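Below, each chain spelled out in residue letters.
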Amino acid sequence: MLPEPYQRAVIAIVVAVVLCLPVFSGDYFLHLMNLSLIAVIGAIGINLLTGYCGQLSLGQASFMAIGAFSTAILAQRYGMPFFVAIPASCCAGAAVGFLVGLPALRFRGIYLAITTLAMHYAIIYVLTNYQAIVGPSASAGITVPPPSIEGFKLTSERGWYYALLIAAAAVLMFSLNLARSYIGRAWVAIRDRDIAAETAGVNVPRYKLLAFTISAALAALAGSLGAYFTTVVTVEEYTLELAIIYLAMIIVGGMGSVVGSVFGAVFITLLPFAVQRAFDALPWHFGTGIFGVQEAAIGAAIIGFLLLEPDGLIEIYRRIATYFERWPFRYREIKPSGAR
Amino acid sequence: MELLVSILALGSTYALLAAGIVIIYKASRVINFAHGELAIVGAYVFHSAGFLTGTTLTALSLFTAIVVAATASALFGVVIYFALMRRLLGRPTFVAAMVTIGLAIILKAAIVVIWNSRSVGIPIGRQALYNFAGGGRISWIDVISVLTCAAAFAALAIFFQLTRLGRQFRGAAENPLLAAQRQVNINLILAIAWSVAVFSAALAGVLFGSRSMLSPQSTIIGLSGLTAALVGGLDSLRGAAIGGLLVAAATYLTARLISPTLAETVPFLILLIVMSWRPWGLFGTVEEINRV
């Protein structure tokens, strides 16, 4: 997988920097990193579905909501420990993903997106009613106790950083290997031309459903970890905007690239904070308008990347890497198609 | 009776929204996810133009508002086409749909930045035109909504059926390449499509704003319009009108009879039913390509 020494060097540097990050940075920055790591898991999930299998989905937020609510119910009402609640939430997400994926057997492209959009609202409606019944009031969420083992409670930002790092790294390795396996290649075949994939012997319905199931399981994992991390679950968090933000992450990062989703997730998560920082530096005051600017930045990122850099940040990275790889020559090697 | 009037008035708003989505879809096979945002921004522009000089709407300021909103929305449609959509010709249509999602986010943010998310209403035609014995009433705006909508659909039907440009439009929608080879100016056609669509969206937004308060959250009506368009069939104007009425009737009756929270979800339940039963809608062309 890593044929060139420079690639190993890059990986080693990245790992070292990521591991040492808490030593140099404060709690605020680590908090942002933790949010990014949760987003990374969700973004990888939607990238497997949309980037690899080519199934446009606006249901990511509802899958995350399923994961978060499952966790809240199991941890808060039934007092389950996290090592039961998290896998159970993933299973719940996978089951819902399977159901939402069923229409994909009939529709393609934009029609599927609209169907998942409708599913999103149906799921959120059910959860809204549930929250109104279970929560202290209709608008207040369900609180989630911090994950604990043997009396040790995970509450500090630094502890969370390493825990989420392990989870994100596991998801990253799992997805990288999955993408290279028969399953990943079957997905790419379905994305590129489903009829051709079927002719080549790919069981299209089965792999489409598998993509939905795995994607939803990862989204539910992100939702579950997010529930533990923020310690409160409200249905208002899981809007259509969130689903679009996750779509934005993979557009910005690079469709059909696991590593790209990491870039995209970090980029989109940090973008609002970067905008705020930039506006704080300006001499005049903006008031609540800043929220609008933060959102507009995400919309602008979607449009900008789709128009100017459709393959996302990962393509920019690839260009830079290829430049150094081929230096002093100017031409890049011709890569076999599908090697992403 | 009052129920029927309300459904007709709300239905005409949805039908106008659906008409815009249908026009864009017919011309370029792109589904516009920014339609609700375009409608509400149009309504905000109308409001700002109307209340530019004073705190009450006079005949003059109403006239100014209409002119400003109409010109701005028609121009904005052309700008959207040339700035964004033209660059996406030849790319998969879902890419263009995602660009409209990006546009939707920016427009919604614009309401927050420019109008500070202020909740505004457009007080026109609130006076009762006719009072029923049971306490219900028909206001001017109900009648205006229905008439405007009918006029807009009539104008569109005449445009498509009778004018030379309308025939070229239909040709371009059917087969862009062949149409282009027969000297049809595709850029002009698509720019007109966007212009008319954004204009009708703004009109729908103003009608919506005259009945209920406007806020960034009202952009959700775009999804009702999308549902209406899908119910009727994405490439059928007649379907848009009937779909709009159906969605309005279902939403309104649910809000009245069952619960208002369920009513917000009703368009999407209709959507699911339609998608599983007749994905091409009531009057749409059966598109084999969208089915596996």
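Data block above holds the structure.
Anyway, here's the lowdown on the structure attached to this text. Each chain has its residues counted from 1, following the order in which its sequence is written. Just so you know, chain letters begin at A and ligand numbers begin at 1, following the order they were written in. Under the rules for a predicted model, residues below a pLDDT of 70 receive no local features and side-chain atom pairs below 80 are neither given nor counted, while totals for whole chains, interfaces and linings still include all residues. In computing side-chain values, all of the structure's heavy atoms are included and hydrogens and water are not.

Labels follow the DSSP assignment, with helices taken as runs of H or I lasting at least four residues and strands as runs of E lasting at least two, numbered in each case from the N terminus. Helix and strand content of chain A: 13 helices and four strands. Expected size for 340 residues packed as a compact globule is a radius of gyration near 20 Å; at 20 Å, chain A falls within 12% of this value. C-alpha atoms of chain A, sized along the principal axes, occupy 65 × 55 × 45 Å. Within the span of chain A, comprising 340 residues, buried residues form 53% of the whole. Sequence-distant contacts, at least 24 apart, represent 77% of the contacts inside chain A between residues at least 6 apart. None of His or the chain ends enter the tally, which takes Lys and Arg as positive and Asp and Glu as negative. Taken as the charge centre is NZ of Lys, CZ of Arg, CG of Asp or CD of Glu, depending on the residue. If you average the places of the 20 positive and of the 17 negative side-chain charges in chain A, the two averages end up 8 Å apart. Both definitions apply: the radius of gyration is a C-alpha atom measure, and the globule rule equals 2.2 Å times residues to the power 0.38. Only protein chains enter the area calculation, which uses a 1.4 Å probe; residues under 20% of their type maximum are buried, those over 50% are exposed, and those in between are partly exposed. Throughout, a residue-residue contact means that at least one pair of heavy atoms, one from each residue, lies within 4.5 Å.

This paragraph deals with the overall build of chain B. Helix and strand counts for chain B come out as 11 helices and two strands. Over its C-alpha atoms chain B spans a radius of gyration of 19 Å, differing by no more than 12% from the 19 Å that the globule rule assigns to 292 residues. If one aligns the C-alpha atoms of chain B with their principal axes, the spans along those axes are about 60 × 45 × 35 Å. When the 292 residues of chain B are sorted by exposure, 54% land in the buried category. The method behind every accessible area is Shrake-Rupley, applied with a 1.4 Å probe, and residues are considered shielded solely by the protein chains displayed. Just so you have it, chain B exposes about 12,700 Å², and 67% of that area is on carbon and sulfur atoms. Charge separation in chain B, taken as the distance between the mean sites of 18 positive and 8 negative side-chain charges, equals 8 Å.

Attention now moves to a nonpolar patch on the surface. On the surface, a nonpolar cluster with roughly 600 Å² of combined accessible area is contributed by Tyr78(A), Met80(A), Phe83(A), Val84(A), Ile149(A) and Phe152(A). The residue Val84(A) is located in helix H4 (residues 82-101) in this model. Residues enter a patch when their relative accessible area is above 30% and they make no salt bridge; the linking distance is 9 Å between like charges and 5 Å between nonpolar side chains (Val, Leu, Ile, Met, Phe, Trp, Tyr). What counts as a salt bridge is simple: a side-chain nitrogen of Lys or Arg found within 4 Å of a carboxyl oxygen of Asp or Glu.

Quick look at H4(A) now. Residue and element names in this part refer to chain A. A rise of 1.5 Å per residue sets the reference length of H4, with its 20 residues, at 28 Å; its end C-alpha atoms lie 28 Å apart and thus fit the reference within 8%. Those residues of H4 that fall on the buried side of the exposure criterion are Ala85, Ile86, Ser89, Cys90, Gly93, Ala94, Val96, Gly97, Val100 and Gly101. Looking at the buried residues of H4, the elements they touch are helix H3 (60-77), helix H5 (109-134) and helix H9 (204-230). Helix span is expected to be 1.5 Å times the residue number reduced by one.

Bringing the environment of Pro81(A) into the picture now. As for its position among the elements, Pro81(A) is in the loop between H3 and H4. Separated by 64 residues in sequence, Pro81(A) and Pro145(A) have C-alpha atoms that sit 9.6 Å apart.

Here the focus is the environment of Arg256(B). Residues and elements named next belong to chain B. Take arginine 256: it is sitting in helix H10 (residues 237-257). Note on arginine 256: relative accessible area 47%, which makes it partly exposed. Remark: the alpha-carbon pair of arginine 256 and leucine 3, spanning 253 residues in sequence, is separated by 9.4 Å.

A 1.4 Å probe that fits but cannot get out identifies a cavity on a 1 Å grid over protein atoms alone, an open set with protein on both sides within 12 Å along at least five of seven lines counts as a pocket, and a residue lines either if it has an atom within 4 Å of a point. Grid points are joined across faces, edges and corners, and a volume is the space filled by probe spheres set on the points. Enumeration over the complete set of coordinates arrives at two cavities of 30 Å³ or more. In this structure, the second largest cavity spans a volume of roughly 30 Å³. Lining the second largest cavity, in full, are Leu56(A), Leu58(A), Ile110(A), Ala113(A), Leu247(A), Phe33(B), Phe94(B), Ala97(B), Met98(B) and Ile101(B). Put simply, the parts of the chain that give the lining of the second largest cavity at least two residues each are H5 of chain A together with helix H4 (93-115) of chain B. With four residues, the top contributor of residues to the lining of the second largest cavity is H4(B). Amino acid classes used here: Ala, Val, Leu, Ile, Met, Phe, Trp, Tyr, Cys and Pro are nonpolar; Asp, Glu, Lys and Arg are charged; the rest, including Gly, are polar. Counted by class, the lining of the second largest cavity contains 10 nonpolar, no polar and no charged residues.

Residue and element names in this part refer to chain B. Locating threonine 100 in the fold gives a position in helix H4. With a relative accessible area of 0%, threonine 100 lands in the buried category. For threonine 100, the side chain forms a polar contact with the main-chain oxygen of alanine 97, separated by 2.5 Å. If we skip the residues at most four places from it in the chain, threonine 100 touches Val30, Ile31, Asn32, Phe33, Ala34, Met85 and Trp194. The term polar contact refers here to a pair of N or O atoms within 3.5 Å; inside protein, the definition further demands a hydrogen-donor-capable atom paired with an acceptor-capable atom, and it admits residues adjacent in sequence only when both atoms are side-chain atoms.

Working definition: rings of Phe, Tyr and Trp (its six-membered ring) pair if their centres are within 6.5 Å, and the pair is stacked with planes under 30 degrees apart, edge-to-face with planes over 60 apart, and tilted otherwise. Enumeration over the complete set of coordinates arrives at 14 aromatic pairs over all chains. Between the aromatic rings of Phe69(A) and Tyr130(A), the centroid separation amounts to 6.5 Å while the plane-to-plane angle is 75 degrees, which identifies the pairing as edge-to-face. With a gap of 61 residues between them, Phe69(A) in helix H3 and Tyr130(A) in helix H5 connect regions that are remote in the sequence. Taking 5.3 Å as the distance between ring centres and 80 degrees as the angle between the ring planes, the aromatic pair formed by Trp160(A) and Phe229(A) counts as edge-to-face. Of this pair, Trp160(A) sits in helix H6 (residues 157-180) while Phe229(A) is found in helix H9, placing the two residues 69 residues apart along the sequence. When sorted by exposure, Trp160(A) lands in the same class as Phe229(A), which is buried. Aromatic rings pair up to connect Phe159(B), Phe160(B) and Phe169(B) into one cluster. Criterion for a charge above a ring: Arg CZ or Lys NZ at most 6 Å from the ring centre, at most 35 degrees from the ring normal. The ring of Phe160(B) carries Lys26(B) above its face, with NZ or CZ at 5.7 Å from the centroid.

Take the pattern of salt bridges next. Enumeration according to the criterion identifies six salt bridges over all chains in this entry. The residue Glu241(A) makes a salt bridge to Lys108(B) at a minimum N-O spacing of 2.8 Å. In this pair, Glu241(A) sits in helix H10 (residues 240-253) while Lys108(B) sits in helix H4, so the two residues belong to two different chains. By relative accessible area, Glu241(A) is classed as partly exposed at 35%. Exposure remark for Lys108(B): the relative accessible area of 16% places this residue in the buried category. Across the salt bridge formed by Arg318(A) and Glu315(A), the nearest N and O atoms sit 3.1 Å from each other.

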